[in-house]
Amino acid sequence: MGDKAASPPAWAEKVIGEKENEASVLAILQPKLVMLTHKSATRLEACGDIPQGLHHIAARAPDVFAMKGVIELLLELLRFSPGLNAPRDGLFQHHLACTLLLLGHENA
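Note that residues are indexed from 1 along each chain, following the sequence as it is written. Only residues with pLDDT of 70 or above have their local features reported here, since the model is predicted, and side-chain atom pairs are shown and tallied only from 80 upward, although totals for entire chains, interfaces and linings are computed over all residues. The basis for the side-chain values is all heavy atoms of the structure; hydrogens and waters are excluded.

> Got a minute to help me understand the overall build of the protein in this structure?
Each helix and strand counted, the protein has 6 helices and 0 strands in total. What you see in the protein, going N to C, is helices and strands ordered as α-α-α-α-α-α. Here the analysis covers contacts within the protein between residues at least 6 apart in sequence; of these, 65% occur between residues at least 24 apart. To measure how exposed things are, a 1.4 Å probe is used in the Shrake-Rupley method; for residues, cover is taken only from the protein chains shown. Summed over all atoms, the accessible surface of the protein reaches about 6400 Å², with 58% contributed by carbon and sulfur. Helix and strand labels come from DSSP, where a helix needs a run of H or I of at least four residues and a strand needs a run of E of at least two; each type is numbered from the N terminus. Should any heavy atoms of two residues lie within 4.5 Å, those residues are counted as being in contact.

> Just to check I follow, could you spell out the nonpolar core for this structure?
Side chains of a nonpolar character, in soluble globular proteins, are inclined to be buried together. Remark: nonpolar core denotes a set of buried residues (Ala, Val, Leu, Ile, Met, Phe, Trp, Tyr, Cys) joined through side-chain atoms within 4.5 Å. Whether a residue is buried, partly exposed or exposed follows from its accessible area with a 1.4 Å probe, protein chains only, as a fraction of its type maximum: under 20%, in between, or over 50%, in that order. Counting 29 residues, the largest nonpolar core has Leu29, Leu36, Leu54, Ile57 and Phe65 as the members making the most contacts within it. Residue assignment for this core shows that the elements contributing at least two residues are helix H2 (10-17), helix H3 (22-35), helix H4 (50-60), helix H5 (68-80) and helix H6 (91-106). Counting residues per element, this core draws most heavily on H6, at 6 residues. Not counting the four nearest positions on each side in its chain, isoleucine 57 is found in contact with Trp11, Ala12, Val15, Ile16, Leu29, Pro62, Val64 and Phe65.

> Would you mind showing me how to read the side chain of lysine 32 here?
Tracing the backbone shows lysine 32 in helix H3. Contact partners of lysine 32, with chain neighbours within four places excluded, come to Trp11 and Ile50.

> Before we go on, may I ask you to explain H3 in this structure?
Since the α-helix packs 3.6 residues into each turn, any two residues three or four apart lie on the same face. By this rule the span expected of a helix is its residue count minus one, scaled by 1.5 Å. Taking 1.5 Å per residue as the helical rise, H3 with its 14 residues ought to reach 20 Å, and the 20 Å between its terminal C-alpha atoms agrees with that figure. Bend is the name given here to the angle between axes fitted to two runs of seven residues, the run ending at a residue and the run starting at it. Approximately 30 degrees is the largest bend angle found in H3, and it occurs at leucine 29, with the proline proline 31 only one to four residues beyond. Buried-residue contacts for H3 involve H2, H4 and H5.

> For this particular structure, what's the right way to read the environment of leucine 54?
With respect to the helices and strands, the residue leucine 54 is situated in helix H4. For the pair formed by leucine 54 and phenylalanine 65, sequence separation is 11 residues and the distance between their alpha carbons is 9.7 Å. Those residues in contact with leucine 54 that lie beyond four places of it in its chain are Trp11, Leu29, Leu33, Leu36, Phe65, Leu96 and Leu100.

Laid out in structure tokens, this is it:
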């Protein structure tokens, strides 16, 4: 079971493999990022493999987060999150979106 937790999600590997094709990357990432805006996604544990996959992509292909379409998706996630003044709901989405936007900026 420890090996399964360490292996990256297949969708994240697909993003890395398609990193030159923005349309393919968006087709994979858009539903994942939309899932993070669902009202049940208030805790990291409730988001399945999405945070793990995004961190894997950030480590292996950070330039993905510099794509215009991906930046727009991350900005939508940031707009969804209530920000740092919120009690807890949406706080990790806020942090994740900011981190990935900064990574995209650094790799632009």
